[in-house]
Amino acid sequence: GMKSTKQKVYIAIAVAMIVMSLGLIFYQKITGKTLAEGKSGTRVFAGPITELTLDIGSCEIEVIEADTTDVTVVYSNLSGSLSDHCEGGKASLTYKGHTSGFISNLFGGRKESGPITVTIPKDACFDRAAFEFGAAEVKINGLQAKKLHIAVGAGEVTATDICATE
């Protein structure tokens, strides 16, 4: 009667969902792509900025110089949550990357989030720059600060033209 048909439909849906999720896993495994592309966007901290704090989890990040008075953050493919704060010339950016869970590690390893590109004014010397990175891949091209602090967890940093004056 009606009951068994309904049950069959539910079973069919359950099976379809399992097949789909397996298909998705294999798709990711084969292409290295995830269907859920991360968030993208731009944040601008209007200059002059005297203190810059970056607290970045697992991600690919680059700090570059340009002819500008603002600090600009351009990001794409972020899976985690990005928050920022700017007040009285003090700008901070925090990104907590989602470390891949057990299942995604099983099926495709860690997919890099990012990149995040932070553009800083070319001739600016920050009073203080504090950069904390987790499992990040970091490139810094030009940075001057009186007080400079860079810490990296399990990542690697490539830095050129860095200068701390105090």
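These remarks concern the structure in this document. (Residues numbered from 1 in each chain as written. Predicted model: local features only at pLDDT ≥ 70, side-chain atom pairs only at ≥ 80, totals over all residues. Heavy atoms only, no water.)

Let's talk about the side chain of Thr119
Part 1 of the reasoning: With respect to the element layout, Thr119 can be found in strand β7 (residues 116–121).
Part 2 of the reasoning: On the basis of relative accessible area, Thr119 is assigned to the buried category, the value being 15%. (Helix = DSSP H or I, 4+ residues; strand = E, 2+ residues; numbered from the N terminus. Buried < 20%, exposed > 50% of the residue type's maximum accessible area, 1.4 Å probe, protein only.)

Details of the pattern of salt bridges
Note on pairing: side chains with opposite charge can pair once their charged atoms come close.
Part 1 of the reasoning: Inspection of the entire model under this criterion finds four salt bridges.
Part 2 of the reasoning: Where Arg43 meets Asp84, a salt bridge forms, and the shortest distance between an N and an O atom there is 2.1 Å. Of the two residues, Arg43 sits in strand β1 (residues 39–45) while Asp84 sits in strand β5 (residues 81–87), which places them 41 residues apart along the sequence.
Part 3 of the reasoning: Exposure remark for Arg43: the relative accessible area of 22% places this residue in the partly exposed category.
Part 4 of the reasoning: Classification of Asp84 by relative accessible area gives partly exposed; the value is 32%.
Part 5 of the reasoning: Here Asp127 makes a salt bridge to Lys146, at a shortest N to O gap of 3.3 Å. Of this pair, Asp127 sits in strand β8 (residues 126–133) while Lys146 sits in strand β9 (residues 137–152), placing them 19 residues apart in sequence. (Salt bridge = Lys/Arg side-chain N within 4 Å of Asp/Glu carboxyl O.)

Here we look at the nonpolar core
Part 1 of the reasoning: With 28 residues, the main nonpolar core has Leu54, Ile56, Ile116, Val118 and Phe131 as its most contacted residues.
Part 2 of the reasoning: Counting residues per element, the ones that place at least two in this core are β2 (51–56), β3 (60–66), β4 (71–78), β6 (90–96), β7, β8 and β9.
Part 3 of the reasoning: Residues within four places of Ile116 in sequence aside, it is in contact with Ile56, Cys59, Glu60, Ile61, Glu62, Val73, Val74, Tyr75, Leu78, Leu82, Leu93 and Tyr95. (Core = buried A, V, L, I, M, F, W, Y, C linked by side-chain atoms within 4.5 Å. Contact = heavy atoms within 4.5 Å.)

Digging into a nonpolar patch on the surface
Part 1 of the reasoning: Residues Val9, Tyr10, Ile13 and Met17 make up a contiguous nonpolar surface patch of roughly 430 Å² in combined accessible area.
Part 2 of the reasoning: In this fold, Ile13 is placed in helix α1 (residues 2–31). (Patch = residues over 30% accessible without salt bridge, like charges linked within 9 Å, V, L, I, M, F, W, Y side chains within 5 Å. Areas by Shrake-Rupley, 256 points an atom, 1.4 Å probe, with all protein chains shown as cover.)

Comments concerning unusual backbone geometry
Part 1 of the reasoning: With an omega of -5 degrees, the peptide bond between Gly47 and Pro48 qualifies as cis.
Part 2 of the reasoning: Locating Pro48 in the fold gives a position in the loop between β1 and β2.
Part 3 of the reasoning: A positive phi angle, close to 55 degrees, is found at Asn77, a residue other than glycine.
Part 4 of the reasoning: By the secondary structure assignment, Asn77 is in strand β4.
Part 5 of the reasoning: According to the relative accessible area criterion, Asn77 is partly exposed, its value standing at 23%.
Part 6 of the reasoning: One non-glycine residue, Asp161, lies in the positive phi region at around 55 degrees.
Part 7 of the reasoning: As for its position among the elements, Asp161 is in strand β10 (residues 156–164).

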